[in-house]
Amino acid sequence: MSEQGTSEQGTGTARRGSAAWALLITSVAGFMAALDNLVVTTALPSIRKDLGGALDDLEWTVSAYTLTFAVLLMFGAALGDRFGRRKLFMTGLTIFTGASAAAALAPGIEGLVAARAVQGVGAAIMMPLTLTLLTAAVPAAKRGMAFGIWGAVNGLAVASGPLIGGALTEHFSWQWIFWLNVPLGVLALPLARLRLSESYGSGARLDVLGTVLASGGLFGIVYSLIRGNIDGWTSPTVLTGLVVGTMLLGAFVRHGMRAEAPLLPMRLFRSRAFSAINLSSLLMYVGMFGSIFLLSQFLQGVLGYSPTEAGLRMLPWTGMPLLVAPVAGILSDRIGGRPVVAVGLALQAVGLGWFAMIMSTSVSYTAQLPALIVSGTGMALYFAPAANLVMSSVRPSEQGIASGANNALREVGGSLGVAVLAAVFSAQGGYTSGQAFVDGLRPALWVGAGAVALAAASAMFLPRRTAGAAVEAPSGAAREDVLVG
């Protein structure tokens, strides 16, 4: 063999090794961030027992993470583009790992909520850079397989979150749902330093003002929704939060229309497809997150299942995307994304309504199983084509922003869902008895079903077939932009 051939073979082997390491590192990081969306849900009764706290405190253990994750996600991607993607990825991973340890060591509910908020900051910096770094490391011909593995790992994290949280809580303690992240982060950090290559984006100016406006507005509204039943909906604190939050979000929209390089350009919403799929995503997560937040507590607090048993019993819902999503992807390729997404959201709404109708203090798991399967099937039909619908609704040069916006709106929907459904729950019921819990849960589930039904209606406004952006296949740097977020 010639010296040149040996050199080329060595280079090819090095590239394959680099791609494999990048896939491993980014998949582990993505798994950690995705897992912490739902892993805490089955631990909520144990957290409440150990640390005390009322319903609003439990809400913040979920919302503090999803809210900071949502409002800083696009800003985190921009930081990586400007200051170095590997450097910021490692910074986000360090913050996330340290905050996980702080959550496990939290002496009270306030400390846990604060640590969860910092976790969200780390995830917002780390998560959008995983695909960008993976894109840089994997040859174009192998990216489809790499992205498929990355997506499957993230899907597994979402599906197994309640089960992992339940198992760790029951067999060890709830603190271990956070300790789990620490060794993973500690191992991933030196590997990221040694195995990932540094890269930079366009270096566009950071939109600090847009980030502050979005963060302040969403915090004010979510805070008011959580405190409404406690302080009174006409109390100065709640009214101030609602009014100021709404004004800040209005200013954010105005800023997005006028600024030169805004965090979220409002011109994207001129596209009917972009507006419809993002509204559907927001409403879908309102119904889904809020319902899982309450149902996981119902399974343990009212029906008496252990945390592990509760996690296992939710798998027909949370785990169904692993089975149905490939079929949904094939269907969307053949008949278009609109009917698949609309049917999926309609099934999710039917599943939540089914839960509301059968809900009682003695409902059997056999009676719940059809609702779980219908809900899970609907969620899977939505997940598969949604990302493609987002990407195909804008020009290739704007796909990175569009993807980040969709991810952020989904997390915002999760925060709002927990706040809104918990507000309905606490207005109609409470924790005083099993019947009181059911009295609050039933109307909350109807609200969740209504939100997802509206999402299905919004999906009907999607074009039959999206063209334009989908036709023009991006390449090179533009392809990298597609994958941010």
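Treat the numbers as computed from the prediction; the structure is a model and nothing was measured. (Residues numbered from 1 in each chain as written. Predicted model: local features only at pLDDT ≥ 70, side-chain atom pairs only at ≥ 80, totals over all residues. Heavy atoms only, no water.)

### Quick word on the overall build of the protein chain
Inference 1: Scanning the protein chain for helices and strands turns up 19 helices and zero strands.
Inference 2: The proportion of buried residues among the 485 residues of the protein chain is 55%.
Inference 3: Put simply, 84% of the contacts in the protein chain that link residues at least 6 apart link residues at least 24 apart.
Inference 4: As displayed, the protein chain has an accessible area near 19200 Å², and 65% of this comes from carbon and sulfur atoms. (Helix = DSSP H or I, 4+ residues; strand = E, 2+ residues; numbered from the N terminus. Buried < 20%, exposed > 50% of the residue type's maximum accessible area, 1.4 Å probe, protein only. Contact = heavy atoms within 4.5 Å. Areas by Shrake-Rupley, 256 points an atom, 1.4 Å probe, with all protein chains shown as cover.)

### Some thoughts on the packing of helix 9 (residues 208–231) against helix 10 (residues 236–258)
Inference 1: One can describe the packing of helix 9 onto helix 10 by two numbers: an axis separation of 7 Å at closest approach and a directional angle of 155°. One element, helix 9, and the other, helix 10, form an angle in the roughly antiparallel class. Helix-helix and strand crossings are classified by hand; for helix 9 and helix 10 the assignment is left-handed.
Inference 2: Residues that form the contact of helix 9 with helix 10 fall into these classes: twelve nonpolar, eleven polar and two charged. (Axes fitted to C-alpha atoms, helices over the stretch in contact; angles between N-to-C directions. Parallel < 35°, antiparallel > 145°, perpendicular 65-115°, else oblique. Left-handed = near helix turned anticlockwise from the far one by under 90°. Nonpolar A, V, L, I, M, F, W, Y, C, P; charged D, E, K, R; others polar.)

### Brief notes about the pattern of salt bridges
Inference 1: Applying the stated criterion across every chain, the model contains one salt bridge.
Inference 2: Between Asp 36 and Arg 116 there is a salt bridge, with the nearest N and O atoms lying 3.5 Å from each other. Pair noted here: Asp 36 is in helix 1 (residues 3–38) and Arg 116 is in helix 5 (residues 109–137), with a separation of 80 residues, a long-range link.
Inference 3: For Arg 116, a relative accessible area of 0% corresponds to the buried category. (Salt bridge = Lys/Arg side-chain N within 4 Å of Asp/Glu carboxyl O.)

### Remarks on the environment of Asp 81
Inference 1: Locating Asp 81 in the fold gives a position in helix 3 (residues 55–83).
Inference 2: Each C-alpha atom, one on Asp 81 and one on Ser 199, is 7.7 Å from the other, the two residues being 118 residues apart in sequence.

### Overview of a nonpolar patch on the surface
Inference 1: A cluster of nonpolar side chains, Leu 156, Leu 322 and Leu 323, forms an exposed patch at the surface whose accessible area comes to about 300 Å².
Inference 2: For Leu 322, the position within the fold is in helix 14 (residues 320–335).
Inference 3: On the basis of relative accessibility, which here comes to 42%, the residue Leu 322 falls in the partly exposed class. (Patch = residues over 30% accessible without salt bridge, like charges linked within 9 Å, V, L, I, M, F, W, Y side chains within 5 Å.)

### With respect to the nonpolar core
Inference 1: Grouped together as the largest cluster of nonpolar side chains are 136 residues, with contacts concentrated most on Phe 89, Leu 112, Phe 293, Phe 298, Trp 317 and Leu 345.
Inference 2: The contact partners of Phe 298, leaving out residues within four places of it in the chain, are Leu 303, Met 359, Ser 360, Val 363, Phe 437, Val 438 and Leu 441.
Inference 3: Within the second largest apolar cluster, six residues are counted, among which are Ala 328, Val 340, Ala 380 and Leu 381. (Core = buried A, V, L, I, M, F, W, Y, C linked by side-chain atoms within 4.5 Å.)

### Thoughts on helix 4 (residues 85–104)
Inference 1: When the terminal C-alpha atoms of helix 4 are compared, their 28 Å separation across 20 residues agrees well with the 28 Å that a helix rising 1.5 Å per residue should span.
Inference 2: Counting buried positions along helix 4 yields 14 of 20 residues, so the element is predominantly enclosed. (Expected span 1.5 Å × (residues − 1).)

### A look at the packing of aromatic side chains
Inference 1: Scanning the entire structure with this criterion turns up 13 aromatic pairs.
Inference 2: In this structure an aromatic cluster arises from ring pairing among Phe 298, Phe 425, Tyr 431 and Phe 437.
Inference 3: Here the basic side chain of Arg 48 rests over the ring of Tyr 431, its NZ or CZ set 4.0 Å away from the ring centre.
Inference 4: A cation over an aromatic ring shows up here: Arg 313 above the ring of Tyr 365, its NZ or CZ 5.4 Å from the ring centre. (Phe/Tyr/Trp six-rings, centres within 6.5 Å; stacked < 30°, edge-to-face > 60°. Lys NZ or Arg CZ within 6 Å of the ring centre and 35° of its normal.)

### Digging into the side chain of Ser 281
Inference 1: Secondary-structure assignment places Ser 281 in helix 11 (residues 272–301).
Inference 2: A residue is classified by how much of its surface remains accessible, and Ser 281, at 0% relative accessible area, is buried.
Inference 3: If sequence neighbours within four positions are ignored, Ser 281 has contacts with Tyr 382, Asn 406 and Arg 410.

### Re the confidence of the model for the protein chain
Low-pLDDT stretches of the model should not have their predicted coordinates read in fine detail.
Inference 1: Scored by pLDDT, the protein chain comes out at a mean of 82, with 88% of its residues at no less than 70.
Inference 2: In the model, residues 2–15 has pLDDT below 50 throughout and makes three contacts with residues more than four positions away in sequence or in other chains.
Inference 3: Scored below 50 in pLDDT, residues 466–485 makes 44 contacts in the model with residues more than four places away or belonging to other chains. (pLDDT = per-residue confidence, 0-100.)

### A look at the packing of helix 15 (residues 337–358) against helix 18 (residues 434–459)
Inference 1: Two numbers describe how helix 15 lies on helix 18: the axes approach to 8 Å, and their chain directions differ by 165°. With respect to each other, helix 15 and helix 18 are oriented roughly antiparallel. Considering how the two elements wind past one another, helix 15 and helix 18 form a crossing that is left-handed. Where helix 15 abuts helix 18, its residues Arg 338, Val 341, Ala 342, Leu 345, Ala 346, Gln 348, Ala 349, Leu 352, Gly 353, Phe 355, Ala 356 and Met 357 lie against Arg 442, Leu 445, Trp 446, Gly 448, Ala 449, Val 452, Ala 453, Ala 455, Ala 456 and Ala 459.
Inference 2: For the contact of helix 15 with helix 18, the class distribution of residues is 17 nonpolar, three polar and two charged.

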